[in-house]
Amino acid sequence: MAVSIAFRPQDPALAGEYDNMLACIRCGLCLTSCPTYVLSLQEAEGPRGRVGMARALAEGNLQLTPDLVSHELNCLVCDACSAVCPAGVHMDPLQVVLRSRLNEGARPSWNVRLVRAVVFTWLFTDMRRFRAVARLLWLYQRTGLRWLARHLGIPRLMGMGEAERLLPQLPAQFLTPHDETYAPEGSATDPVAFFAGCVMSTALADVDRATIRVLQRAGHTVSNPAQQGCCGALHAHGGDLSQALELAKRNIVAFEATQGPIVVNSAGCGAMLKDYAHHLRSDPVWVQRAAAFSARVRDLSELLMTAALPMKRKVPQKVVYQDACHLLHAQRISRQPRELLRQIDGLELAEIGEAGLCCGSAGVYNVTNPVQSKQLQQRKLDNALRVAPDLIVTSNPGCLLQLRAGLQERGSPIAVRHIAEVLDEASAP
Ligand code: SF4
Ligand code: SF4
């Protein structure tokens, strides 16, 4: 007797990741790595449950319900499950396609829709606009408007209290890429192209400048292509894959005229840039250009392991290195930043419990899922403070702002810095 089983997806929007869903053998090895499962101990809040629901949806055996949407959107897309999965299930691209599909059938809350429409579509797609808004925010911080708005509770009334609290003190000078080149120190002249980022080149422009100085000292000629922009990670994880792909194509074009590795100092951006090849694999016009681009992408710590960065100064501090999920899980980079920090005279590196558990930042997760985000932030800080560090070092702007905000709230004097700033200090003449 013939048995009929739905082996083909009924939902064509999910077809591209169907094989990925089928790969899950339901072993459960991923459960204890998953931050939302660890918090809730619910199957639907773990990777196995999420893959199962996505597969049932793809096969037409489940309808979109608010519960299903909420369990899927609670995923941090941290890829901790992918890193331990013996069957090779990759949660990031699965969530990207799934969220794109959910966007068509779900009605998110008004503040999530506001973030998507204004921030993702209008702001992050044009770097001139992005810098203009960043300049207004700088004025907001410098003129006392911030103080006034906070005292009147305006950010909270607008549902943006958490986002406003995380906003760092913006620098007076942004790093605006204009096809400039930075000459190397020493005789080596290996070319690299720098991915400046949107948040990194504005809110954290000093980290970008520190990164360029470190690259120069490591013997690299650094080019900074003018036409580059946002990497598109926020769009992809927010369910707007088509906008993310537009941004990807723009970056591919911007870097095609440059030479050498494409260096990135933000873990989240780096993971997305390395994924361009996957996201554009079915586009005959872009498949090869995307693959060539992604093959060139290197995290700063990955690149520096192959260069000779002279460490000249002591940094006598006890340091906790905070693994960014998109570096540790998505790019499998954990040894390189630690080895670089260990090369610094006087620096003592301390390891913490649950080092691989997300800090709750995860793009805009701290705005869209403030409760879980806060729980993970506090858990991370409890683990870090247990070893009494002087400094927490990370490689991702999201982690940096999330932990800094949490420490400020606790009144802690412990600083949080990007690894590029520490390497810049240690290698300064
Ligand atoms: S580890 Fe992989 S195969 Fe096992 S349940 Fe998790 S996602 Fe499925
Ligand atoms: S990506 Fe992270 S939050 Fe999402 S299911 Fe995997 S481990 Fe859990």
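The rules behind these values
- Residues numbered from 1 in each chain as written.
- Chains lettered and ligands numbered in written order.
- Predicted model: local features only at pLDDT ≥ 70, side-chain atom pairs only at ≥ 80, totals over all residues.
- Helix = DSSP H or I, 4+ residues; strand = E, 2+ residues; numbered from the N terminus.
- Rg over C-alpha atoms; globule rule 2.2 N^0.38 Å.
- Buried ≥ 20, exposed ≤ 12 C-beta atoms within 10 Å, placed from the backbone.
- Contact = placed C-beta atoms within 7 Å.
- Expected span 1.5 Å × (residues − 1).
- Bend = angle between axes of the 7 residues up to and from the residue.
- Near = placed C-beta within 6 Å.
- Nonpolar A, V, L, I, M, F, W, Y, C, P; charged D, E, K, R; others polar.
- Pairing = 2+ DSSP bridges.
- Axes fitted to C-alpha atoms, helices over the stretch in contact; angles between N-to-C directions.

Turning to the overall build of the protein chain, a few remarks are in order. Helix and strand content of the protein chain: 24 helices and nine strands. For the protein chain, whose C-alpha radius of gyration is 22 Å, the value lies close to the compact-globule estimate of 22 Å for 429 residues. Seen through its principal axes, the protein chain has C-alpha atoms that stretch 80 × 50 × 40 Å. Put simply, the protein chain has 429 residues, and 47% of those count as buried. Counting only contacts in the protein chain whose residues sit at least 6 apart along the sequence, the fraction spanning at least 24 positions is 78%.

On to helix H16 (residues 267-279). The end-to-end C-alpha distance of H16, which contains 13 residues, comes to 18 Å, matching closely the 18 Å that a straight helix rising 1.5 Å per residue would cover. The sharpest bend along H16 comes to roughly 25°, located at leucine 273. Within H16, twelve of the 13 residues are buried, which leaves the element mostly enclosed by the surrounding structure. Of all the positions in H16, only Ala267, Gly268, Cys269, Gly270, Ala271, Met272, Leu273, Lys274, Asp275, Tyr276, Ala277 and His279 are classed as buried.

Within the structure, ligand 2 sits among 14 residues, and Cys34, Pro47, Cys75, Cys78 and Cys81 are positioned closest to it. Here the shell around ligand 2 is built from residues that sort into ten nonpolar, two polar and two charged.

With that out of the way, let us pick up the sheet that holds strand S9 (residues 415-418). Taken together, the four strands give an open sheet; going across it, the order is S7-S6-S8-S9, and neighbouring strands pair in parallel fashion. Each edge of the open sheet carries a strand with a single partner, namely strand S7 (348-350) and S9. With direction set aside, neighbouring strand axes in the sheet form an average angle of 35°. Pairing geometry for strand S6 (residues 318-322) and S7, over three bridges, is parallel. Looking at the pairing, valine 319 lines up with leucine 349 of S7. Across the face of the sheet, helix H20 (residues 335-342) comes into contact with S6, S7 and strand S8 (391-394) while running at roughly 165° to S6.

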